[in-house]
Amino acid sequence: AMAAERGVAMATCTAPVNIAVIKYWGKRDTDLILPINSSLSVTLHQDQLKTTTTAAASRDFTEDRLWLNGKEADVGPPRVQACLREVRRLARKRRGGGEDTAALSLSYKIHIASENNFPTAAGLASSAAGYACLVSALARLYGLEEELSEVARRGSGSACRSMFGGFVQWQRGERPDGTDSLALQVAPETHWPELRVLILVVSGEKKPVGSTAGMQTSVETSPLLKHRAEAVVPERLAQMMQHIRERDFEGFGQLAMRDSNQFHATCLDTFPPIFYLTDLSRHIIALAHRYNAHHGHTKV
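Let us look at the structure shown here. (Residues numbered from 1 in each chain as written. Predicted model: local features only at pLDDT ≥ 70, side-chain atom pairs only at ≥ 80, totals over all residues. Heavy atoms only, no water.)

To continue, consider the overall build of the protein. What the protein contains, in helices and strands, is seven helices and twelve strands. Taken against the 2.2 N^0.38 rule, which gives 19 Å for 300 residues, the C-alpha radius of gyration of the protein at 20 Å falls within 12% of a compact globule. For the protein, the C-alpha atoms occupy an extent of roughly 65 × 40 × 35 Å along the three principal directions. Pairs at least 24 apart in sequence give 73% of the contacts found in the protein among residues at least 6 apart. Summing over all exposed atoms, the protein offers an accessible surface of approximately 15,400 Å²; the carbon and sulfur share of this is 54%. Here the protein holds 35 positive side-chain charges and 32 negative ones, and the gap between their average locations is 1 Å. (Helix = DSSP H or I, 4+ residues; strand = E, 2+ residues; numbered from the N terminus. Rg over C-alpha atoms; globule rule 2.2 N^0.38 Å. Contact = heavy atoms within 4.5 Å. Areas by Shrake-Rupley, 256 points an atom, 1.4 Å probe, with all protein chains shown as cover. Lys, Arg positive; Asp, Glu negative; His and termini not counted. Charge placed at Lys NZ, Arg CZ, Asp CG, Glu CD.)

Spatial ordering of the open sheet is given by β3-β6-β11-β12, a layout of four strands whose pairing is antiparallel. Both outer strands of the open sheet, β3 (18-22) and β12 (183-187), are each paired with one neighbouring strand and no more. Neighbour-to-neighbour, the strand axes of this sheet turn through a mean angle of 35 degrees, independent of strand direction. Pairing geometry for β3 and strand β6 (residues 39-43), over four bridges, is antiparallel. Across the sheet, I19 pairs through a bridge with V42, a residue of β6. Across the face of the sheet, helix α5 (residues 223-245) comes into contact with β3, β6, β11 (167-170) and β12 while running at roughly 110 degrees to β3. Against the sheet, helix α6 (residues 249-269) touches β3, β6 and β11, its axis set at about 90 degrees to β3. (Pairing = 2+ DSSP bridges. Axes fitted to C-alpha atoms, helices over the stretch in contact; angles between N-to-C directions.)

This paragraph deals with the packing of helix α1 (residues 78-94) against helix α2 (residues 126-142). One way to put it is that α1 packs onto α2 with a least axis distance of 10 Å and a crossing angle of 30 degrees. When the interaxial angle is binned, α1 and α2 end up roughly parallel. In this structure, α1 crosses over α2, and the sense of that crossing is right-handed. Contacts from R79, V80, C83, L84, V87, R88 and A91 of α1 reach α2 at Y131, L134, V135, L138, A139 and Y142. Looking at the contact of α1 with α2, its residues break down into eleven nonpolar, no polar and two charged. (Parallel < 35°, antiparallel > 145°, perpendicular 65-115°, else oblique. Left-handed = near helix turned anticlockwise from the far one by under 90°. Nonpolar A, V, L, I, M, F, W, Y, C, P; charged D, E, K, R; others polar.)

Aromatic ring pairs are reported here in terms of the distance separating the ring centres and the angle at which the planes meet. In the structure shown here, the tally under the stated rule is eight aromatic pairs. Between the aromatic rings of W25 and F263, the centroid separation amounts to 5.0 Å while the plane-to-plane angle is 70 degrees, which identifies the pairing as edge-to-face. Taken together, the residues W25 in the loop between β3 and β4 (27-29) and F263 in helix α6 connect sequence positions 238 residues apart. Taken together, the ring pairs connect F167, W192, F249 and F252 into an aromatic cluster. A cation over a ring is seen here: K207 above Y276, with NZ or CZ 5.8 Å from the ring centre. (Phe/Tyr/Trp six-rings, centres within 6.5 Å; stacked < 30°, edge-to-face > 60°. Lys NZ or Arg CZ within 6 Å of the ring centre and 35° of its normal.)

Here the focus is unusual backbone geometry. Phi is mostly negative for residues that are not glycine, and the peptide bonds are mostly trans. Cis geometry marks the peptide bond from F271 to P272; its omega dihedral reads -5 degrees. By the secondary structure assignment, P272 is in the loop between α6 and α7 (279-295). One non-glycine residue, I33, adopts positive backbone phi at about 55 degrees. Exposure remark for I33: the relative accessible area of 0% places this residue in the buried category. (Buried < 20%, exposed > 50% of the residue type's maximum accessible area, 1.4 Å probe, protein only.)

Take the pattern of salt bridges next. Enumeration over the complete set of coordinates arrives at nine salt bridges. Residue D64 pairs with R88 through a salt bridge whose shortest N-O separation is 3.3 Å. One end of the pair, D64, is in the loop between β7 (50-58) and β8 (65-68); the other, R88, is in helix α1, and 24 residues separate them in sequence. Like D64, the residue R88 is buried in the burial classification. The closest approach of N and O atoms between E230 and K226, which form a salt bridge, is 2.8 Å. Here E230 pairs with K226, and both are found in helix α5, just four residues apart, close to one helical turn. Here the salt bridges share partners, and the residues they tie into one network are E86, R89 and R154. (Salt bridge = Lys/Arg side-chain N within 4 Å of Asp/Glu carboxyl O.)

Here we take up the pairing of β8. Side-chain direction in a regular strand flips from residue to residue, so the side chains alternate between the two faces of the sheet. Of the pairings in the sheet, the one linking β8 to strand β10 (residues 109-116) comprises four bridges and is parallel in character. Pairing of W67 across the sheet is with A113, part of β10. The pairing of β8 with strand β9 (residues 71-73) spans three bridges and is antiparallel. Looking across to β9, one finds that W67 is bridged to E72. The hairpin formed by β8 and β9 contains two residues between the paired strands, and N69 there has a positive phi angle of roughly 50 degrees.

And the structure:
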């Protein structure tokens, strides 16, 4: 909704959380956020988990400002700045360099308010929903329509996957400038309506090691991670896409479990080791395996 008569333009978006079934862990370029391997995720429904972001621009604003969950936050972090800069650059490019009088002035400062309806650093990829939402709200504010997963990726790697619903692949890409490191929808949410994702929050506490620092330590110290990225993931990605295409829950569930276990193994192989699973997580994993064993096939 544009309220231009008051000199303020506003746009609001919501964005979903996604859960990787073939995990992203490790960057080959930390500035551009380029991954060492491709990944694949399931986008969750926004009824339960979502970020809502409003971006407003006005000639009266004196500086860019940001509020997260009702508290003012620093707008200075490089990733926030990268998203702002990239969206403004695309808007400028779209206008062919000339200032379109009807379009929002790119010189205006912006105020951004973002809210999550779930714990933010507990492992639910709040940054994925957050940056996807930020980029979408800014794009709507500036009237951009194009492929924006590359911009969202600059905020948080997995944010590029939250730009789409359903099943989403983040392509590793080959180019050093990152222009081919994009998200693509593999199948829409309508493709597999029976699939349910149950989220069990075992702790709302902040993770002991943040993903950004953790994955770089893994890249530097874990030989298992290197083997995973080069030798294991490409084949698993192809298998996972086939399981999704065929709606084969047995194959899908087992591969998701194996890949999750291997991710946690690379964390253990990191030096010093990273521990993300809690005792309760391990109990839930054991329960799932007992349940499946009882039924004779993978049900959860």
